[in-house]
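Fold and contact review
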Amino acid sequence: MEPNSSQIRWVDESPLGLGERSYLPLFWDGLTTTFRHLIGPKITVQFPEERHQFPDPLIYRGVHRLNRDEQGRVKCVACFLCATACPAHCIDIVAAPSPWPDREKYPIVFNIDMLRCIFCGMCEEACPVDAIELTSLYDLSGKSRDEMIFDKEKLLSVYDQTKDQEPPGWLRAKQQLGADRETSPGQS
Amino acid sequence: MISFVVETCIKIAVLLGALMTAAAYLVLVERWVAAWVQDRLGPNRVGIPLTKIRIFGLGQPIADGLKLIFKEEFVPGHVDRILYNVAPIVTFVGAIAIYAVVPLGQVDLGIANWAPVDLTIVPKFDAGLLFLFAANGAAVYGVIIAGWGSNNKYSLFGAIRGAAQLIAYEIPLSLSLIAIACYAGTLRIDDIVVQQAQSGVWNIVLHPLAFVVFFVAATAEAGRLPFDLPETEQELVGGFHTEYSGMRLMTFLVSEFLHMITAAVLIVLLFLGGWHVWFLTGAEPVAGIGVAILRILVFVAKVLAVVFFFMLMRWSWPRFRFDQLMALAWKALISWGMIQVTILILWYSWWESLVLSQGWPATLCLAVINWSGFVLTWVVTAMVSRPHYDNRPRRDLVRLSQPLRPGSLDNRFQNAMVCDP
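Residues numbered from 1 in each chain as written. Chains lettered and ligands numbered in written order. Predicted model: local features only at pLDDT ≥ 70, side-chain atom pairs only at ≥ 80, totals over all residues.

**Quick word on the overall build of chain A**
A tally of helices and strands in chain A yields six helices and five strands. Along the chain direction, N to C, the helices and strands of chain A fall in the order α-α-β-α-β-β-α-β-β-α-α. Relative to the globule expectation of 16 Å for 188 residues, the C-alpha radius of gyration of chain A, 26 Å, shows a markedly less compact shape. Over its C-alpha atoms, taken along the principal directions, chain A stretches across nearly 80 × 50 × 50 Å. In chain A, which comprises 188 residues, the proportion classed as buried is 18%. Across chain A, every contact between residues at least 6 apart in sequence was considered, and the portion connecting residues at least 24 apart equals 71%. (Helix = DSSP H or I, 4+ residues; strand = E, 2+ residues; numbered from the N terminus. Rg over C-alpha atoms; globule rule 2.2 N^0.38 Å. Buried ≥ 20, exposed ≤ 12 C-beta atoms within 10 Å, placed from the backbone. Contact = placed C-beta atoms within 7 Å.)

This is the structure:
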């Protein structure tokens, strides 16, 4: 576009007043801002001894977990939606016919390569049964590449470890439903 | 003669040790202040090695120093070996030479037949201010030699910037020094301090304009933000010390901190009364041991306060563009320094004789004149400065590349705009 095009609206800044041209308000602003932060609260923590507290751990995107249902079975139905949605191709699922009557398939292998994962949370978005979720665990380390490929057992153990602090989505939905019913019994 | 040599050597050793320690720990303080200003905790882990004792990270400078000592001193193949090796030494010598004339008063040890010991390495140096000024100016040689000897474009850019900046800011610095020397009637720094102590009026109260000019110019001389153009990391990689590593780099960094301490020391000596505090340190040049120690503590506290302000300043105001830097020196500070000198010249040649009584009424008159000159200068500078930030595109400078053709999209759009009320 030409600079003299009539589609360009030239906006003029209002000229500086005498106070601003003397730079004193700017000096004052800069110094007071610095000083406020100097004595203000710090946001970093002493990491290994003290851990960062998340305002809402449910929305943090850390290590994955595979949720269990009420009977302790893996919730996943091996629909491959998460593996399809994954932009990093880090999810590897092998499905098998389900031994339970309430679903057709279940995963016998569910591997996530944590070294490839970019923690975008697409798998959590894609999952139709709230089986895969991202927890607030963030200090993830391993001594080898193999160790960083999390299999089904490990992902289920992450669930066992975090289910108390971060209740799984299906449980939260159920509690929400119950709460709604209690508050409005006439509509049910 | 021997006793004189021994005395001087002891003074040099003590001062060097104190300065090196101060520079090392000021690096830590700088990192702390930076962290606190950025809402972080800062380095607080390194304590006594092999134990779990952390003394607020006070072991950090030792760890840093050890690391730099044991790092490889890589010398790139394309440098001028002699200049490359000389540059850190020149910078360091230039930075440390100033402390030969920093006066801390005289101490009477109370031993019979002993003259009072002067707590200055070169006592009673008549041209102290001149020496100080020359040593301060010599530091720029190190920067230029480093930039040239590195044979690297970024280093050379940094060196040229450093040279231009230091030359530009020497002038306002010397103008304010002239004002102070004019008022004190001496070039001896210890006399300037004693005069402030005995009159009880620090030069900052009496000559605010000279103080502001000196403060800004000294910050620029020290190359502190917002004046760190010679080593802007964002533009020039590392500026003049891009090609340096290991001990040579450490020498540069230490000299940089020494420059900052120097700037603070000069501000304290010339404007903030040196070792003097009212009702506490006395005003006589010679003091007993207790008072002498108290004076040193007061002096160090004042210097640290100024250094702390430097560190806060670093995070408060953004770096100048190079043209702004030059404009500040040549257009504002030099004229301000000249105004201050002119006021003093007029005072001594004419106005002082109009004040009937000498002593404190004359001082009061001078202070009033200086302060009104200061406020007036600031307001006038603000009034003549541009009413806009000058980094906007300017419409009057936009070239009309081609006239609007009838029927073109622009023209139709324009017509529509015109028709639409």
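**Considerations on the overall build of chain B**
Tallying secondary structure elements over chain B gives 14 helices and three strands in all. Considering chain B as a whole, with its 421 residues, one finds that 39% of them fall into the buried category. The long-range share in chain B, meaning contacts at least 24 apart out of those at least 6 apart in sequence, stands at 75%.

**A few points about the nonpolar core**
It is characteristic of soluble globular proteins that their nonpolar side chains tend to be buried jointly. Residue and element names in this part refer to chain B. Core analysis: the biggest nonpolar cluster contains 102 residues, and Val213, Phe214, Ala264 and Ile267 have the highest contact counts within it. No other element matches the 15 residues that helix α10 (residues 246-271) contributes to this core. Counting residues domain by domain, this core receives three or more from each of domain 1 (19-70) and domain 2 (71-386). Residues contacting isoleucine 267, with those up to four places away along its chain left out, are Phe214, Phe215, Ala218, Leu272 and Val306. (Core = buried A, V, L, I, M, F, W, Y, C linked by C-beta atoms within 7 Å. Domains from an automatic or database assignment.)

**Some remarks on unusual backbone geometry**
Residues other than glycine seldom take positive phi values, yet aspartate 130 of chain A does so here, at roughly 55°. One non-glycine residue, asparagine 151 of chain B, lies in positive phi territory at about 55°.

**Quick word on the sheet that holds strand β1 (residues 106-107) of chain B**
Residues and elements named next belong to chain B. Strand order in the open sheet made by the three strands is β2-β1-β3, with mixed pairing throughout. At either end of the open sheet lies a strand with only one pairing partner, and these are β2 (117-118) and β3 (286-287). Of the strand pairs in this sheet, β1 and β2 are connected by two bridges, and their pairing is antiparallel. Bridge pairing links glutamine 106 to aspartate 118 in β2. (Pairing = 2+ DSSP bridges.)

**Re the environment of cysteine 123 of chain A**
All names here are of chain A. Among the structural elements, cysteine 123 can be located in helix α4 (residues 122-126). A count of 23 C-beta atoms within 10 Å places cysteine 123 in the buried class. Along the sequence, cysteine 123 and histidine 64 sit 59 residues apart, while their C-alpha atoms lie 9.4 Å from each other. Once you skip the residues sitting within four places of it in the chain, cysteine 123 turns out to touch Cys82, Ala85, Cys86, Ile91 and Ile132.

**Notes on the packing of helix α3 (residues 81-97) of chain B against α10 of chain B**
Residues and elements named next belong to chain B. Packing of α3 against α10 leaves a shortest axis separation of 9 Å and a crossing angle of 20°. Looking at the two axes, α3 sits roughly parallel to α10. Our pair here, α3 against α10, has a crossing hand that is left-handed. In contact with Pro88, Thr91, Phe92, Ala95 and Ile96 of α3, α10 contributes Arg248, Thr251, Phe252, Val254, Ser255, Leu258, His259 and Thr262. (Axes fitted to C-alpha atoms, helices over the stretch in contact; angles between N-to-C directions. Parallel < 35°, antiparallel > 145°, perpendicular 65-115°, else oblique. Left-handed = near helix turned anticlockwise from the far one by under 90°.)

**Regarding the sheet that holds strand β5 (residues 149-150) of chain A**
Residues and elements named next belong to chain A. The sheet built from three strands is open, its strands ordered β2-β3-β5 with antiparallel pairing. Every interior strand has two partners, whereas the edge strands, β2 (91-97) and β5, have only one. Note that β2 and strand β3 (residues 105-113) share seven bridges and pair antiparallel. Considered in β3, the bridge of alanine 95 is made with proline 107. The strands touched by helix α5 (residues 152-162) within the sheet are β3 and β5, with β3 carrying the most contacts at an inclination of about 85°.

**Comments concerning helix α12 (residues 322-354) of chain B**
At 3.6 residues per turn, the α-helix brings residues three or four places apart onto the same side. Residues and elements named next belong to chain B. With 33 residues, α12 should cover 48 Å at 1.5 Å per step; its first-to-last C-alpha distance of 45 Å lies within 8% of that length. Tryptophan 347 marks where α12 bends most, by close to 55°. If you check which residues of α12 are buried, you get Leu325, Leu328, Ala329, Leu333, Trp336, Gly337, Ile339, Gln340, Ile343, Leu344 and Trp347. The elements touched by buried residues of α12 are α5 (153-184), α8 (208-222) and α13 (360-384). (Expected span 1.5 Å × (residues − 1). Bend = angle between axes of the 7 residues up to and from the residue.)

**Considering the pairing of β3 of chain A**
Note: β3 of chain A against β5 of chain A, two bridges, orientation antiparallel. Opposite aspartate 113 of chain A, over in β5 of chain A, you have isoleucine 149 of chain A as the bridge partner.

**A short note on the domain arrangement of chain B**
All names here are of chain B. Along its sequence, chain B is organised into domain 1 (19-70) and domain 2 (71-386). Listed by partner, the interface residues are 13 residues for domain 1 and 15 residues for domain 2. Within the residue set of the side of domain 1 that touches domain 2, elements represented by two or more residues are α1 (2-37) and α2 (60-70). Considering every element that reaches the side of domain 1 that touches domain 2, the biggest residue donor is α1, with nine residues. Here the residues of the side of domain 1 that touches domain 2 are counted per class, giving eleven nonpolar, no polar and two charged. (Nonpolar A, V, L, I, M, F, W, Y, C, P; charged D, E, K, R; others polar.)

**Quick look at the packing of α3 of chain B against helix α4 (residues 128-150) of chain B**
Residues and elements named next belong to chain B. Running from amino to carboxyl end, α3 crosses α4 at an angle of 165°, the nearest separation of the two axes being 8 Å. Looking at the two axes, α3 sits roughly antiparallel to α4. Crossing angle aside, the handedness with which α3 passes α4 is left-handed. Mapping the contact onto sequence places Leu83, Tyr84, Val86, Ala87, Pro88, Val90, Thr91, Gly94, Ala95 and Ala97 in α3 and Ala135, Ala138, Ala139, Tyr141, Gly142, Val143, Ile145, Ala146, Trp148, Gly149 and Ser150 in α4. Classifying every residue of the contact of α3 with α4 by side-chain character gives 16 nonpolar, five polar and no charged.

**Notes on the confidence of the model for chain B**
All names here are of chain B. On average, residues of chain B carry a pLDDT of 81, and 90% of them reach 70 or more. Model confidence for chain B, summarised as mean pLDDT per element, is weakest for helix α14 (residues 409-419) at 43 and strongest for α8 at 90. Confidence over residues 407-421 falls short of pLDDT 50; this stretch has ten contacts with residues more than four positions distant or in other chains. Across the interface, the model reports ipTM at 0.72; the global pTM reads 0.79. (pLDDT = per-residue confidence, 0-100.)

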